[in-house]
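One-letter residues, chain by chain:
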Amino acid sequence: MSTPFDSGAIAQAIVAAHGLRFGAITSAPVSAPNFSSDDPVYRGAKRACSALGFIEIDAECLAHAWRAQTQRLSSFDAALWPDAPEDFGMRPFPPTARDDAFPPCPARLGLYAVLPDARWVGRMARVGVPTVQLRFKSDDGDAIEREVQAAVEAVQGTGALLFINDHWRVAIAAGAYGIHLGQEDLDALSDEDLGRLRASGLRLGVSTHGYAEMVRADKVSPSYIAMGAVYPTTLKKMATAPQGVARLDAYARLLRGYPQVGIGGIDAARLPEVLATGVGSVAVVRALVAADGPEATAAQWIAAIDAAAGE
């Protein structure tokens, strides 16, 4: 495809248009070390996205999306950040219309409490937290089964939706509402495992940390997609730097066919700018578990999220 710009001019134009938004530390695009195409839009976009701080796999993903967008529109526009699923090679949206889609969950999952044990699950469910996740860390299979079963029982009669982190076989047996998997856990599933998980009727949520992982998650048509870490967090070592609210906003635009969950370092002061991106759910761990009054804190967060959604 012909373009009036060379790759260097394209890179400069993209950085000039989006540098302030994404917090670029320099206006001079760096050279990306690896290119998989000679297309000038692709090459310029990859240089620009590298300069904007995107890691290699995400810069590559974005560069191909810029090229696809330019081809689709028959023109290059530096101001138009890619956010059309087809430009990222995703299948048609909404994902719920796909034959292999996991069962749907609410478009807005609201306050999403990630909790260490069944006691905490019950405590937050009883105070009205709409979505809870049991993230129980143990190598003891019997202990895992007991905790998952106790969590399932703890939410009965509360209306809370219970997701189990990682332990999907146990979650199926216990009758949980859904399962949440990280990227490594998702990649570890065989086709047979994935088929069994789909057949169970459980909802599936998947963690993502950038464009490449979002595209990977979309391949299995999950029930929701979580995006983070939005801000720095000390709870776990992250493979990627904090994404920031500008990237979260861009991710939310691309994934607007999915229920979306923002996670990572979100506190009460940061909540309004996170909700302004349009995500329908905010996941928290320390904000509740470490609070002086977890029940009162949960009520405040629920009210703030509902108000942002106009409820």
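To keep things clear, this report deals only with the structure shown in the data block. Here the structure is a predicted model, which means the values were calculated and not measured.

Criteria and thresholds
- Residues numbered from 1 in each chain as written.
- Predicted model: local features only at pLDDT ≥ 70, side-chain atom pairs only at ≥ 80, totals over all residues.
- Heavy atoms only, no water.
- Helix = DSSP H or I, 4+ residues; strand = E, 2+ residues; numbered from the N terminus.
- Buried < 20%, exposed > 50% of the residue type's maximum accessible area, 1.4 Å probe, protein only.
- Phe/Tyr/Trp six-rings, centres within 6.5 Å; stacked < 30°, edge-to-face > 60°.
- Lys NZ or Arg CZ within 6 Å of the ring centre and 35° of its normal.
- Pairing = 2+ DSSP bridges.
- Axes fitted to C-alpha atoms, helices over the stretch in contact; angles between N-to-C directions.
- Core = buried A, V, L, I, M, F, W, Y, C linked by side-chain atoms within 4.5 Å.
- Contact = heavy atoms within 4.5 Å.
- Bend = angle between axes of the 7 residues up to and from the residue.

1. What about unusual backbone geometry?
Reasoning step 1: Omega for the bond connecting Phe 93 with Pro 94 falls within 30 degrees of zero, at 0°, which places this linkage in the cis form.
Reasoning step 2: Tracing the backbone through its elements, the reader meets Pro 94 in the loop between α3 (56-73) and β1 (110-115).
Reasoning step 3: Of the consecutive residues Gly 228 and Ala 229, the connecting peptide bond is found in the cis state with omega at -10°.
Reasoning step 4: A positive phi is found at Ser 74, a non-glycine position, where the angle reads about 60°.
Reasoning step 5: Locating Ser 74 in the fold gives a position in the loop between α3 and β1.
Reasoning step 6: Classification of Ser 74 by relative accessible area gives exposed; the value is 57%.
Reasoning step 7: The phi dihedral of Ser 221 is positive, around 50°, even though this residue is not glycine.
Reasoning step 8: Position of Ser 221 relative to the elements: it lies in the loop between α9 (211-218) and β6 (224-228).

2. Considering the packing of aromatic side chains
Reasoning step 1: One pass over the structure, following the stated rule, counts 14 aromatic pairs.
Reasoning step 2: Arranged with centres 5.8 Å apart and planes meeting at 45°, the rings of Trp 66 and Phe 76 form a pair that is tilted. Highlighted residues: Trp 66 in helix α3 and Phe 76 in the loop between α3 and β1, separated in sequence by 10 residues.
Reasoning step 3: Taking relative accessible area as the criterion, Trp 66 reaches 0% and is therefore assigned buried.
Reasoning step 4: Owing to a relative accessible area of 15%, Phe 76 belongs among the buried residues under this scheme.
Reasoning step 5: Consider the rings of Phe 93 and Tyr 258, whose centres lie 5.7 Å apart with planes at 90°: the pair is edge-to-face. Here Phe 93 is found in the loop between α3 and β1, whereas its partner Tyr 258 is found in the loop between α10 (244-254) and β7 (260-263), with 165 residues between them in sequence.
Reasoning step 6: Positioned above the aromatic ring of Phe 35 is the side chain of Arg 43, whose terminal nitrogen or guanidinium carbon lies 4.0 Å from the ring centre.
Reasoning step 7: Directly above the aromatic system of Tyr 231 lies the positively charged group of Arg 270, at a separation of 4.3 Å from the ring centroid.

3. Considerations on the sheet that holds strand β3 (residues 161-165)
The strands that make up a sheet are held in pairs by hydrogen bonds between backbone atoms, and each pair lies either parallel or antiparallel.
Reasoning step 1: Pairing within the closed barrel is parallel, and its eight strands lie in the order β1-β2-β3-β4-β5-β6-β7-β8. Shown here is a sheet whose adjacent strand axes are inclined to one another by a mean of 25°, direction ignored.
Reasoning step 2: Taken together, the four bridges between strand β4 (residues 178-181) and strand β5 (residues 203-208) define a ladder with parallel strand orientation. When the sheet's bridge partners are listed, Leu 181 is paired in β5 with Val 206.

4. Some remarks on the nonpolar core
Reasoning step 1: With 89 residues, the main nonpolar core has Ile 14, Phe 54, Trp 81, Val 132 and Tyr 211 as its most contacted residues.
Reasoning step 2: The contacts of Val 132, once residues within four sequence positions are left out, are Tyr 112, Ala 113, Leu 115, Val 121, Met 124, Val 155, Ala 160, Leu 161, Leu 162 and Phe 163.
Reasoning step 3: Among the nonpolar cores identified, the runner-up in size contains 10 residues, and Cys 105, Tyr 112, Leu 161 and Phe 163 belong to it.

5. Topic: helix α1 (residues 7-22)
Reasoning step 1: In α1, a bend of some 40° at Ala 16 exceeds every other bend along the element.
Reasoning step 2: Turning to α1, its buried residues number three or more, namely Ile 10, Ala 11, Ile 14, Val 15, His 18, Gly 19 and Phe 22.
Reasoning step 3: Elements in contact with the buried residues of α1: α2 (40-51), α3 and α10.
Reasoning step 4: Of the residues one or two after α1, Gly 23 is the one with positive phi, at around 70°.

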